[in-house]
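Secondary and tertiary structure notes
Given next are the chains, with one letter for each unit.
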Amino acid sequence: MAEVVAIQAVAIVLLGVLVVGLLRSHAEILRKLHELGAGLDPDATPGGVTTRVPAPVRRGEATGFDVAGITPTDQAARIGVVGARQSTVLAFLSSGCLTCGGFWDTFARPDRLTVPGGARLVVVTKGSEIESPARIRELAPPAFPVVMSTEAWLEYQVPHTPYFVYVDGPSGRIIGEGSAQTWDQVTSLWSQALADDADLAAGGEARADRELLQAGIHPGHESLHPRRRRWSPDDE
Amino acid sequence: MEKLTRSGLEIELPDGWDGRIYRREVDDDAVTRRALHAANFALPPNLGDYAVGAAERMGSGDVLVVLLEFDPDQAGAGLFANEGLPTSMGAGDFSPSAMPRAMPGRSAAQWFFSRGGRAFCLYVVLGSHGERAALLPLVSQVLKTLTID
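My aim in this report is to walk through the structure given alongside it, one point at a time. (Residues numbered from 1 in each chain as written. Chains lettered and ligands numbered in written order. Predicted model: local features only at pLDDT ≥ 70, side-chain atom pairs only at ≥ 80, totals over all residues. Heavy atoms only, no water.)

Each partner contributes to the interface: chain B provides 22 residues, whereas chain A provides 19 residues. Across the chain B to chain A interface the summed buried area is about 1500 Å²; carbon plus sulfur atoms make up 42%. Of all residues in chain B, the largest losses of buried area upon contact with chain A belong to Arg6(B), Arg20(B) and Pro45(B), amounting jointly to 28% of the total for that side. The interface formed by chain B and chain A holds four salt bridges in total. (Contact = heavy atoms within 4.5 Å. Buried area = accessible area lost by both parts, 1.4 Å probe. Salt bridge = Lys/Arg side-chain N within 4 Å of Asp/Glu carboxyl O.)

Written out as structure tokens, the structure reads:
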């Protein structure tokens, strides 16, 4: 009898350890999913629990890509993002996510819309193998280009919807990217990213000034303002 | 240079260029009639075939290329008697009065031709009539890559 009780006790302890292990594993999975941004869309959390807005991600020296795909009206389209004169905000949206619905509505009223830095707004959905062109056609804002391109989602490594990427046109550099629940949050996100970028640029100029001063080159130094040399036959 | 391909039309677009290829809406849908827009500026959505809405937004350094396919019954005759894309395109071909509506400073030119039994119109708009000689090479660079099947 004592042996049976002992065996049961050991079994209970082992089961307890197993249950604790499974709970820890489950908690770890949930934590990782949260870090990856899963659950940002209230569709995934009935009741529309407010989730935090991730900080803008900077990809360092990452450059953007042109967006190529099909429009909801079945046009083959290429949007010049890299090398364009203006910057581009790419809004990666889907037809199904509840948060995206707010953005589709906002983009339908362009008179109330401000795009930071005067950038061009382009909406990118997944391709017709995933999204219905008819549904996207219903949602498409008349004032902004909408391109259906799963390739663009892969190239920009879009982790979830909605997701926004700001690409500097002339350099093709990705200034910042991230997610938000309202357009006001997006503009705040990009204003911050653009300000950070301007600070970085200003820092670079200050660093160059310091290095010139250390080399004895002050403002007004003649090496900074070389006289135009006249051509002479001796140059031949 | 990035390729844009659709329905037998193909064009290579330099960095920063927008492009679209689509089927024109016609009464008789038994024959495919295609359209192509290419521009070195941001093309707005929902343009008409002649992309007038884009021409209205052009700056002085902008160029717009439009290729439209017409009724194949007209190919090889009259307006469409010339075969193939225009090989010589000069500043003298452009005129401010060739614009679909008055747009001060801008300039445009049209060429009609046939290719493989199909009738086409090439319509090019430049953002500045005064700078047309400087802008024309941008157009030629892109048109050299255009293929029509």
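So much for the structure itself; the text now carries on.
The next thing to look at is the environment of Ala134(B). One can find Ala134(B) in helix α2 (residues 132-143). Taking the C-alpha atoms as reference points, Ala134(B) and Gly76(B), 58 residues apart in sequence, are found 32 Å from one another. (Helix = DSSP H or I, 4+ residues; strand = E, 2+ residues; numbered from the N terminus.)

For the rest of this paragraph, the subject is the side chain of Ser114(B). Relative to the assigned elements, Ser114(B) resides in strand β6 (residues 107-115). Aside from chain neighbours lying at most four places away, what touches Ser114(B) is Ala75(B), Gly76(B), Phe80(B), Asn82(B), Glu83(B), Gly84(B) and Ala119(B).

Turning our attention to unusual backbone geometry. Going from Thr161(A) to Pro162(A), the amide bond is cis rather than trans, its omega being -10 degrees. Summarising the element assignment, Pro162(A) is placed in the loop between α4 (150-155) and β6 (163-167). Despite not being glycine, Asp74(A) shows a phi value in the positive range, around 70 degrees. Take Asp74(A): it is sitting in the loop between β1 (67-70) and β2 (76-79). The backbone phi angle of Ala51(B) is positive, close to 55 degrees, even though this residue is not glycine. Summarising the element assignment, Ala51(B) is placed in the loop between β4 (34-39) and α1 (52-55).

So, about the sheet that holds strand β8 (residues 147-148) of chain B. All names here are of chain B. Strand order across the open sheet formed by three strands is β1-β2-β8, with antiparallel pairing between neighbours. The two strands at the open ends of the sheet, each matched to only one other strand, are β1 (2-6) and β8. Of the strand pairs in this sheet, strand β2 (residues 9-13) and β8 are connected by two bridges, and their pairing is antiparallel. Each bridged residue has a counterpart across the sheet, and for Leu9 the counterpart in β8 is Ile148. (Pairing = 2+ DSSP bridges.)

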